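Reading the structure
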Amino acid sequence: MAIAIILHGGAGDWNTYDTGKAKDILEKAAYIGLKILKNNGSSLDAVEKSINHLENSGYFDAGLGSVTQNDGKIRMDAGIMDGSNLKCGAVAAIEDIKNPISVARKVMEKTSHCLIVSKFAAEFAVKNGFKTIKIKPKQLFKKHSSDTVGAIALDKKGNIAVGNSTGGVYGKMIPGRVGDSPIAGAGYYADAYAGAATTGIGESFIRTVMSKQAVDMAKEKPLKDAVRTALKIVRQKTGCNGGIIMLDKNGDYAAHHTTKAMPWVYKKG
Ligand code: ASP
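Bear in mind that the values here come from a model prediction, so they are computed numbers and not experimental data.

Per the secondary structure count, the protein chain includes seven helices and 11 strands. A total of 269 residues make up the protein chain; the buried ones form 58% of that total. The contacts of the protein chain with a sequence gap of at least 6 include a subset with a gap of at least 24, amounting to 69%. With the model as given, the accessible surface of the protein chain reaches about 11000 Å², and the carbon-plus-sulfur share is 52%.

Next comes the structure, spelled out in structure tokens:
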């Protein structure tokens, strides 16, 4: 069975220098995931641990690098899905937690729910052993737009998992706004055949339920066509640009963006 992982660091207005550094960090994260997959680890572990690396880097709009909302507070969203059984877990508008993707996974595995929000998500995290941490707002994201992270992995058993983590879009964000990243079907989706993760203005992916649409399209056409059609629909229906990554059960992949840039990496074992 093929093993593979694909990660992105957000679709936006990056400049060349930024994407170079972002790609280095993504490469490291991809190797963390690949090592897990090589050692018979699950696609869920690979997605979670590689995203943890990105959250901890402080370089992306996720975890320690998250942007602030209009009231100066950092509120993060994350979601994770197991394509083998369609289970998913997510947190939205969570504060003071370093690794929201890991809390999302706990929601998936320890509860019968899919999404827990705000202070209840943080309380759930603390009850499950996560430490609270004050995240210092970063200036970095003044340089380029917000840079959510997403990952999709395929393990030796042929299972696909997908995950997202974000501090949301930068600027003009009403406190409590939640984007597509923790919404299954919109910002992320995986089934037994393929997985998809989106990045960009979350509202556009929610309105088009794009990750689910893209996974369905991948059953009818090559992945490279599915990602292009997906972003074409988003542009036509909502006027927004964005990015998407996909991976299927054969380890085939596709990545596409209609924004200026989107750093991404793919590794196959
Ligand atoms: N999709 C994310 C959101 O709308 C932002 C991003 O991908 O950069 O919250």
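With their axes 8 Å apart at the nearest point, helix α2 (residues 43-57) and helix α3 (residues 100-110) run at an angle of 150° to one another. Relative to α3, the element α2 lies roughly antiparallel. The segment α2 lies against α3, with L44, D45, E48, I51, N52 and E55 engaging P100, I101, S102, R105, M108 and E109. When the residues that make up the contact of α2 with α3 are grouped by side-chain class, the tally is five nonpolar, two polar and five charged.

Bringing the packing of aromatic side chains into the picture now. Using the criterion set out here, one finds five aromatic pairs in the structure. Here Y253 and W264 contribute two aromatic rings whose centre-to-centre distance is 5.9 Å and whose plane-to-plane angle is 50°, an arrangement assigned as tilted. In this pair, Y253 is assigned in strand β10 (residues 253-257) and W264 in strand β11 (residues 264-268), connecting sequence segments 11 residues apart. Since its relative accessible area comes to 37%, Y253 is described here as partly exposed.

A few words now on helix α6 (residues 210-218). Among the residues of α6, M210, S211, A214, V215, M217 and A218 are the ones counted as buried. What you see down the axis of α6 is that its buried residues fit within an arc of 160°, all on one side. The elements touched by buried residues of α6 are β7 (188-190), β8 (194-200), α5 (202-208), α7 (223-238) and β9 (242-248).

To continue, consider the side chain of S102. Relative to the elements of secondary structure, S102 occurs in helix α3. Within polar-contact distance, the side chain of S102 engages the side chain of E48 at 2.7 Å. Residues contacting S102, with those up to four places away along its chain left out, are E48, N52 and F130.

Let us look at the site of the ligand. Close to the ligand lie 12 residues, the nearest being T148, R177, D180, T199 and G200. Here a nitrogen atom of the ligand sits 2.6 Å away from a polar atom, N or O, in the side chain of D180. A distance of 2.8 Å separates an oxygen atom of the ligand from a polar atom in the backbone of G202. For the ligand, whose accessible area on its own is 270 Å², the fraction buried by protein is 99%. Tallied by class, the residues present in the shell around the ligand amount to two nonpolar, eight polar and two charged.

With antiparallel pairing, the four strands of this open sheet are ordered in space as β7-β8-β9-β10. Looking at the sheet topology across the chains shown, the edges are occupied by β7 and β10. Each adjacent strand pair in this sheet contributes to an overall mean axis angle of 5°, direction not counted. Judged from the three bridges that link them, β7 and β8 form a sheet pairing that is antiparallel. Across the sheet, the residue bridging to Y188 is A197, located in β8. Running at roughly 140° to β8, α6 makes contact with β7, β8 and β9 of the sheet. Those strands touched by α7 are β9 and β10, and its axis lies near 155° from that of β9.

Moving on: the nonpolar core. In terms of nonpolar packing, the biggest core is built from 46 residues, with I5, L7, L54, F60, I94 and V103 touching the most fellow members. The leading source of residues in this core is helix α1 (residues 16-38), at eight residues. Excluding residues within four positions of it along the chain, I5 makes contact with A30, G33, L34, L37, A46, S50, I152, A153, V265, Y266 and K267. If you look at the next biggest cluster of nonpolar residues, it comprises 37 residues, including A11, L223, A230 and C240.

Two numbers describe how α6 lies on α7: the axes approach to 9 Å, and their chain directions differ by 145°. By crossing handedness, the relation of α6 to α7 is classed as right-handed. Contact with α6, carried on its side by M210, Q213, A214, M217 and A218, involves L223, A226, T229, A230, I233 and V234 of α7 and no other residues of that element. Split by residue class, the contact of α6 with α7 holds nine nonpolar, two polar and no charged.

Calculation rules
Residues numbered from 1 in each chain as written. Predicted model: local features only at pLDDT ≥ 70, side-chain atom pairs only at ≥ 80, totals over all residues. Heavy atoms only, no water. Helix = DSSP H or I, 4+ residues; strand = E, 2+ residues; numbered from the N terminus. Buried < 20%, exposed > 50% of the residue type's maximum accessible area, 1.4 Å probe, protein only. Contact = heavy atoms within 4.5 Å. Areas by Shrake-Rupley, 256 points an atom, 1.4 Å probe, with all protein chains shown as cover. Axes fitted to C-alpha atoms, helices over the stretch in contact; angles between N-to-C directions. Parallel < 35°, antiparallel > 145°, perpendicular 65-115°, else oblique. Nonpolar A, V, L, I, M, F, W, Y, C, P; charged D, E, K, R; others polar. Phe/Tyr/Trp six-rings, centres within 6.5 Å; stacked < 30°, edge-to-face > 60°. Arc of directions from axis to C-beta. Polar contact = N/O pair within 3.5 Å; in protein donor to acceptor, adjacent residues only side chain to side chain. Near = heavy atom within 4 Å. Pairing = 2+ DSSP bridges. Core = buried A, V, L, I, M, F, W, Y, C linked by side-chain atoms within 4.5 Å. Left-handed = near helix turned anticlockwise from the far one by under 90°.

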